[in-house]
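In case you want the letters, here they are:
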Amino acid sequence: MKKIFLIVFTIALSVSNPLQGWSQKDSLVEKEIRDAEEQLKIIREREIQTQLRIELLKMQMCSTMLQTIGFPIVSGGSFPTISHHAMVLAYDESNEQAKWVMHVILPDILDGKVARTNDFRKDTLVKTGTAEKEDYWKSGYDRGHLAPSADFRWSPTALSESYFYSNMSPQKPELNREKWAEMEDLLREYVMNNGHKLFVVTGPVMKDSPGQIGNKNKVTIPGYFYKVAMDPASKVGIAFIMPNDRCPKTVLQYAVSIDSVEKFTGINFFPVLNASEEKEIESKTDIEKWKIRREDGNADPINPESLPKGKFNTSQAKYHIGDKATVCGKVVSAKYNEKSGATFINLDRKFPDQIFTIQIWKDSRQNFSYHPEEELLNKTICVTGKILENQGVPVMTIYNESAIEIEED
């Protein structure tokens, strides 16, 4: 009788507390989860360390390539050479800026996602000191990058170093944000389309200088800027000279031979080239090799000269991060995500090479009388809103169709 009672009691107890049987299983599952999370943490830490190592190796590769190709030689002058991780410069103390800056544009920019840092700062490697923020403040001139930060978007370290004041020069906004930016985009497009490295040298020219800026240092305003680029794999080169002002012509109308820039500046840019290479690369410019092909369905940014005052093209959007602005371009790709309800629209460049993206979140689609991803595709539009940044790409979130102006065909 006691035995029967014990069995009945045990059964009753298990029925009255059905979760007891699961407690041990739960604890085992929780332990497996904790173990898996710890393994994932280790994998992520290893991934970070591996990425840092890859970045370091790439910077070492850039440094070696620059030394191998040879630094520019300035006729009749001596300027201290400053080497950073992925760029080298010769500093001109008398004008408080670089005489030249040399770097490599790697095909890695295609997958690079490092955003602008805007951490402008003095270059402590320049022993005589550099310009600083106070010198540019309210001067009417931009802090124009000589080696552009976007060329280093594969490396947080190299990109950050591009914000040293030794890499800055006073540029008119009309140049820096328009034709100069378009020319930099053109060179990156060449690298991405051809998969070749480009060796680039950039610098100011003090001829016809309008004066100086600077509350603490005297920074000479260049009259012109030059940029030379060489693709040793294809044995082609190109160069540009632009006045420090608004440039009304197309970018390639400012293209010249490297030889002509050497005569204009007194600098031998690639001294290690032999006579035949120098003649082939530096004496001529085949503009056709540098034209951007558009078989990929992308579009050139709108010529800023053709836009009304207060409107900007997609290349200029990056200069207005944090501001409310109007950006114009062609809708080359648009996607509606059924799962999230979000709509993403890219102007002038398709994913994953987008240069300006419009975002419409789920709750805002009801404010549109049409499906944006269908109605806007292949049309030129102007969109107004606050420009933010996501992984280095300017983005704008809009909430209704009144933010969009569709241009007439």
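Heads up: the structure comes first, above all this text.
Just so it is clear, the model here is predicted, and its values are computed rather than measured.

Chemist: Explain the overall build of the protein to me, please; I cannot follow it from the model alone.
Modeler: For the protein, the count of helices and strands is eight helices and 20 strands. Over its C-alpha trace the protein gives a radius of gyration of 28 Å, far above what one expects of a compact globule, namely 22 Å for 409 residues. Reported as C-alpha extents along the three principal axes, the dimensions of the protein are approximately 115 × 50 × 45 Å. Taken over 409 residues, the protein has a buried fraction of 44%. Looking at the protein alone, contacts between residues at least 24 apart form 66% of all its contacts between residues at least 6 apart.

Chemist: What is the right way to look at the side chain of asparagine 346 in this model?
Modeler: Among the secondary structure elements, asparagine 346 is positioned in strand E16 (residues 343-347). Of the residues examined, asparagine 346 reaches a relative accessible area of 7% and is grouped as buried. A polar contact of 2.6 Å, which involves the side chain of asparagine 346, links it to the side chain of threonine 357. Once you skip the residues sitting within four places of it in the chain, asparagine 346 turns out to touch Lys330, Val331, Val332, Ser333, Phe351, Gln354, Phe356 and Thr357.

Chemist: What am I meant to see in helix H5 (residues 173-194) here?
Modeler: Helix length check: H5, at 22 residues, gives a terminal C-alpha distance of 31 Å against a target of 32 Å (1.5 Å per residue), a fit within 8%. Where H5 bends most, at tryptophan 180, the angle is about 40°. In terms of burial, H5 is a largely internal element, 16 of the 22 residues being buried.

Chemist: Sorry if this is basic, but what is going on with the side chain of glutamate 189 here?
Modeler: Along the chain, glutamate 189 turns up in helix H5. Here glutamate 189 falls in the buried class, since its relative accessible area comes to 8%. There is a polar contact of 2.5 Å between the side chain of glutamate 189 and the side chain of arginine 349.

Chemist: Can you help me understand the layout of surface pockets in this one?
Modeler: Over the atoms, a rolled probe matching the size of one water molecule traces out where space is still vacant. Size it by volume and the largest pocket reaches roughly 1100 Å³. In this structure, the largest pocket is lined by 47 residues; those nearest its centre are Arg116, Ser149, Ala150, Lys318 and Tyr319. For the lining of the largest pocket, the elements supplying multiple residues, two or more each, are helix H3 (133-136), strand E5 (142-145), H5 and strand E19 (393-397). Among the residues forming the lining of the largest pocket, the class breakdown is 19 nonpolar, eleven polar and 17 charged.

Chemist: Sorry if this is basic, but what is going on with the sheet that holds strand E3 (residues 87-92) here?
Modeler: Two modes of strand pairing occur in sheets, parallel and antiparallel, and in both the strands are linked by backbone hydrogen bonds. Taking strand neighbours across the sheet as the criterion, the seven strands line up as E2-E3-E4-E7-E10-E11-E12 in an open arrangement whose pairing is antiparallel. The open sheet has two free edges, formed respectively by strand E2 (81-83) and strand E12 (255-256), since each of these has just one partner strand. Examined bridge by bridge, E2 and E3 share three bridges and lie antiparallel to one another. For serine 83, the partnering residue across the bridge sits in E3 and is valine 88.

What counts as what
Residues numbered from 1 in each chain as written. Predicted model: local features only at pLDDT ≥ 70, side-chain atom pairs only at ≥ 80, totals over all residues. Heavy atoms only, no water. Helix = DSSP H or I, 4+ residues; strand = E, 2+ residues; numbered from the N terminus. Rg over C-alpha atoms; globule rule 2.2 N^0.38 Å. Buried < 20%, exposed > 50% of the residue type's maximum accessible area, 1.4 Å probe, protein only. Contact = heavy atoms within 4.5 Å. Polar contact = N/O pair within 3.5 Å; in protein donor to acceptor, adjacent residues only side chain to side chain. Expected span 1.5 Å × (residues − 1). Bend = angle between axes of the 7 residues up to and from the residue. 1 Å grid on protein atoms, 1.4 Å probe; cavity = no way out; pocket = protein on both sides within 12 Å on 5 of 7 lines; lining within 4 Å. Points joined across faces, edges and corners; volume = space filled by probe spheres on them. Nonpolar A, V, L, I, M, F, W, Y, C, P; charged D, E, K, R; others polar. Pairing = 2+ DSSP bridges.

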